[in-house]
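Results of the structural survey
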Amino acid sequence: MRQSSQPLSLLFLSTPVGVLGTGEGGGVELTIKNLAQDLRQTQHQVTIVAPQGSQLDGIPIQPISGNLQVAAQGETREAPIQLPPNSVLANMCDYIRQVQSQYDLIVNFAFDWLPFYLTPFFTTPIAHFISMGSMNDALDEIMEQTATRFPKTLGVYTKTQAETFPFADACRCLGSGLDLSLYDFSEQSNDALVWLGRISPEKGLEDAVAAAQEVGRRLKIFGVLQDKAYWQWIRDQYPQAPIEYGGFLSTTELQQEIRHCRALLMTPRWVEAFGNVAIEALACGVPVISYRRGGPAEIIRDGETGFLVEPDRVEELVKAIHRIEEIDRWACRQQAEEEYSLSALRDRFLAWFDEILDSRNT
Ligand code: UDP
């Protein structure tokens with residue numbers, strides 16, 4: 001049996017919906033980066049198999065060419081599983097098949113049918129980290145089959161996310177974490193509100209814009225412009241809103257912007273699996289006002305590090321914005337330090353990996 005102190009050789013299968021570093025993959029990009037960097041600093045070997053063009057400072061990437069997957073959140077529940085011609089996901093899986101014997105464990109971050117389906121065909125065990133809530137019936141089905149055939153191999157961010165799946169009990173909650181040294185605390189703030197994330201309908205940006213207009217405060221927006229028609233629709237709906245779009249920023253640039261803001265608004269329409277932006281804001285000392293839905297409802301301490309309000313109610317966001325002075329910014333930073341350090345995240349993942357490897361060896 002493997003000693004849990006022994007270094008592991010890990011092969012990460014990155015998301016096939018975007019090039020790592022562009023933000024198209026959403027929060028899982030940050031999770032992959034943080035984990036890979038931290039595991040490598042603690043003597044483990046990590047290689048990331050990712051679409052061509054992907055870049056992460058100091059981490060070896062095996063680039064794979066091919067066409068990207070369409071993200072599941074834009075499709076219906078009944079949509080058939082699709083692969084484009086010359087699929088990057090299929091090409092990534094094929095590469096992994098060829099090199100698998102060099103690794104102790106494959107860690108799959110792709111929210112896609114194919115890696116689950118292929119699990120029994122591989123000789124190296126696969127840990128599947130599921131980065132979103134339930135989206136598609138065929139995908140739920142193959143995930144459930146994987147959970148039955150390979151117990152303990154499914155990981156998720158949060159309990160609420162797990163509960164969207166019919167196999168919730170089979171999921172291991174791993175949470176998220178940050179390199180807190182990259183986020184500077186700021187006691188002082190200006191009056192502006194901030195909204196972060198992919199600009200896409202499931203993120204509900206229009207409600208944050210409506211709330212900002214109502215209270216007459218600036219709303220700074222940062223993130224990938226994933227759905228241009230949706231963005232244009234918001235601008236048409238709220239031509240007078242005091243919004244500023246600042247593009248997609250690197251973590252360093254982003255935290256410089258966030259920490260001067262008064263509060264982060266999170267307005268998800270879907271069950272947000274986690275919401276990495278919530279803990280990034282907390283790490284800077286910025287309170288979070290969010291709909292009580294999905295991951296943010298498990299993260300924010302209502303009345304202490306932000307406010308949780310009834311979902312889809314702009315007037316509730318407005319009330320919470322008026323109460324923001326009640327929140328102590330230092331309490332926000334402290335929560336990030338207590339619950340979302342990278343070392344704690346690494347330990348949770350390593351304990352999960354050990355359990356998978358041990359159950360294979362017994
Ligand atoms: N993000 C970024 N630059 C930006 C805005 C956002 O790197 O200008 C990142 C942010 O750090 C976070 C991700 O975008 O990791 C959004 O992830 P989240 O988990 O909040 O939502 P998801 O996109 O997964 O639904």
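Source: prediction; values computed, not measured. (Residues numbered from 1 in each chain as written. Predicted model: local features only at pLDDT ≥ 70, side-chain atom pairs only at ≥ 80, totals over all residues. Heavy atoms only, no water.)

This next bit is on the overall build of the chain. Of regular secondary structure, the chain possesses 13 helices and 13 strands. The globule rule puts the C-alpha radius of gyration for 362 residues at 21 Å, and the 20 Å found for the chain is close to it. Overall, the chain is about 60 × 40 × 35 Å in size when its C-alpha atoms are taken along their principal axes. In the chain, buried positions account for 57% of the 362 residues. Measuring between centres, the 30 positive side-chain charges of the chain sit 2 Å from its 47 negative side-chain charges. (Helix = DSSP H or I, 4+ residues; strand = E, 2+ residues; numbered from the N terminus. Rg over C-alpha atoms; globule rule 2.2 N^0.38 Å. Buried < 20%, exposed > 50% of the residue type's maximum accessible area, 1.4 Å probe, protein only. Lys, Arg positive; Asp, Glu negative; His and termini not counted. Charge placed at Lys NZ, Arg CZ, Asp CG, Glu CD.)

Of all the residues in helix H11 (residues 314–322), the buried ones are Glu 316, Leu 317, Val 318, Ala 320 and Ile 321. For H11, the secondary structure elements touched by its buried residues are strand S8 (193–196), helix H6 (205–215), strand S11 (263–266), strand S12 (288–291) and strand S13 (306–309). (Contact = heavy atoms within 4.5 Å.)

Right, let's get into the sheet that holds S12. Read across the sheet, six strands follow the order S10-S9-S8-S11-S12-S13 without closing on themselves; strand pairing throughout is parallel. Looking at the sheet topology across the chains shown, the edges are occupied by strand S10 (243–245) and S13. When the angles between neighbouring strand axes are averaged without regard to direction, this sheet yields 20 degrees. Across three bridges, the pairing between S11 and S12 is parallel. The residue of S12 that forms the bridge with Met 266 is Ser 290. Helix H9 (residues 276–283) rests against S8, S11 and S12 of the sheet, and its axis sits at about 170 degrees to S11. (Pairing = 2+ DSSP bridges. Axes fitted to C-alpha atoms, helices over the stretch in contact; angles between N-to-C directions.)

Applying the stated criterion across every chain, the model contains 15 aromatic pairs. Ring centres of Phe 165 and Phe 167 lie 4.9 Å apart, and the angle between their planes is 25 degrees; this geometry places the pair in the stacked category. Look at Phe 165 and you get buried, because its relative accessible area is 4%. Here Tyr 230 and Trp 233 contribute two aromatic rings whose centre-to-centre distance is 6.3 Å and whose plane-to-plane angle is 15 degrees, an arrangement assigned as stacked. Of this pair, Tyr 230 and Trp 233 both sit in helix H7 (residues 228–237), three residues apart, roughly one helical turn. (Phe/Tyr/Trp six-rings, centres within 6.5 Å; stacked < 30°, edge-to-face > 60°.)

Here Ser 290 lies in strand S12. Along the primary structure Ser 290 and Met 266 are separated by 24 residues, whereas in three dimensions their C-alpha atoms are 4.5 Å apart. When near neighbours in sequence (up to four residues on either side) are disregarded, Ser 290 contacts Met 266, Pro 268, Pro 296, Ile 300, Phe 307, Leu 308 and Val 309.

Further remarks concern the site of the ligand. Contacts to the ligand come from 17 residues, most closely from Gly 27, Arg 198, Lys 203, Leu 249 and Glu 280. Within the side chain of Arg 198, one N or O atom sits 2.8 Å away from an oxygen atom of the ligand. For the ligand, an oxygen atom lies 2.6 Å from a polar atom in the side chain of Lys 203. For the shell around the ligand, the element with the highest residue contribution is H9, accounting for three residues. (Near = heavy atom within 4 Å. Polar contact = N/O pair within 3.5 Å; in protein donor to acceptor, adjacent residues only side chain to side chain.)

Attention now goes to the side chain of Arg 329. Note on placement: Arg 329 falls in helix H12 (residues 329–339). Within the buried core, Arg 329 has no salt-bridge partner, and the shortest N-O distance to an opposite charge, that of Glu 187, equals 6.0 Å. Here Cys 261 takes part through its backbone oxygen, which lies 3.0 Å from a polar atom of the side chain of Arg 329. At 3.3 Å, the side chain of Arg 329 and the backbone oxygen of Gly 285 are in polar contact. Other than its neighbours up to four places away in sequence, Arg 329 contacts Phe 185, Ser 186, Glu 187, Gln 188, Ser 189, Arg 259, Cys 261, Arg 262, Cys 284, Gly 285, Val 286 and Pro 287. (Salt bridge = Lys/Arg side-chain N within 4 Å of Asp/Glu carboxyl O.)

The sheet built from seven strands is open, its strands ordered S3-S2-S1-S4-S5-S6-S7 with parallel pairing. Both edges of this open sheet fall to strand S3 (61–64) and strand S7 (172–173), since each of them pairs with a single strand only. Most of the contacts of helix H2 (residues 88–99) go to strand S2 (residues 45–51), to which it runs at about 150 degrees, and overall it touches strand S1 (9–13), S2, S3 and strand S4 (105–108).

With that settled, the discussion passes to H12. Taken residue by residue, H12 has Arg 329, Ala 331, Cys 332, Arg 333, Gln 335 and Ala 336 as its buried positions. Where H12 is buried, its residues touch H9 and helix H10 (295–299). A side-chain oxygen of the first residue of H12 lies 3.0 Å from the backbone nitrogen of Trp 330; this N-cap is Asp 328.

Take the pattern of salt bridges next. Counting across every chain of the model gives 28 salt bridges. A salt bridge links Glu 244 to Arg 218; the nearest nitrogen and oxygen atoms lie 3.1 Å apart. With Glu 244 in strand S10 and Arg 218 in the loop between H6 and strand S9 (219–222), the pair connects residues that are 26 residues apart, well separated along the chain. For Glu 244, a relative accessible area of 35% gives the class partly exposed.

The contact between H6 and H7 brings their axes to 10 Å, and the two run at 20 degrees. Taken together, the axes of H6 and H7 are roughly parallel relative to one another. By crossing handedness, the relation of H6 to H7 is classed as right-handed. Contacts between H6 and H7 pair Leu 205, Glu 206 and Val 209 from the former with Tyr 230, Trp 231, Trp 233 and Ile 234 from the latter. (Parallel < 35°, antiparallel > 145°, perpendicular 65-115°, else oblique. Left-handed = near helix turned anticlockwise from the far one by under 90°.)

The next subject is unusual backbone geometry. A positive phi is found at Gln 43, a non-glycine position, where the angle reads about 80 degrees. With respect to the helices, strands and loops of the structure, Gln 43 is situated in the loop between helix H1 (28–41) and S2. In the Ramachandran plot, Asn 86 falls in the positive-phi region, its phi being about 50 degrees despite a non-glycine side chain. Relative to the helices and strands, Asn 86 is located in the loop between S3 and H2. Since its relative accessible area comes to 48%, Asn 86 is described here as partly exposed.

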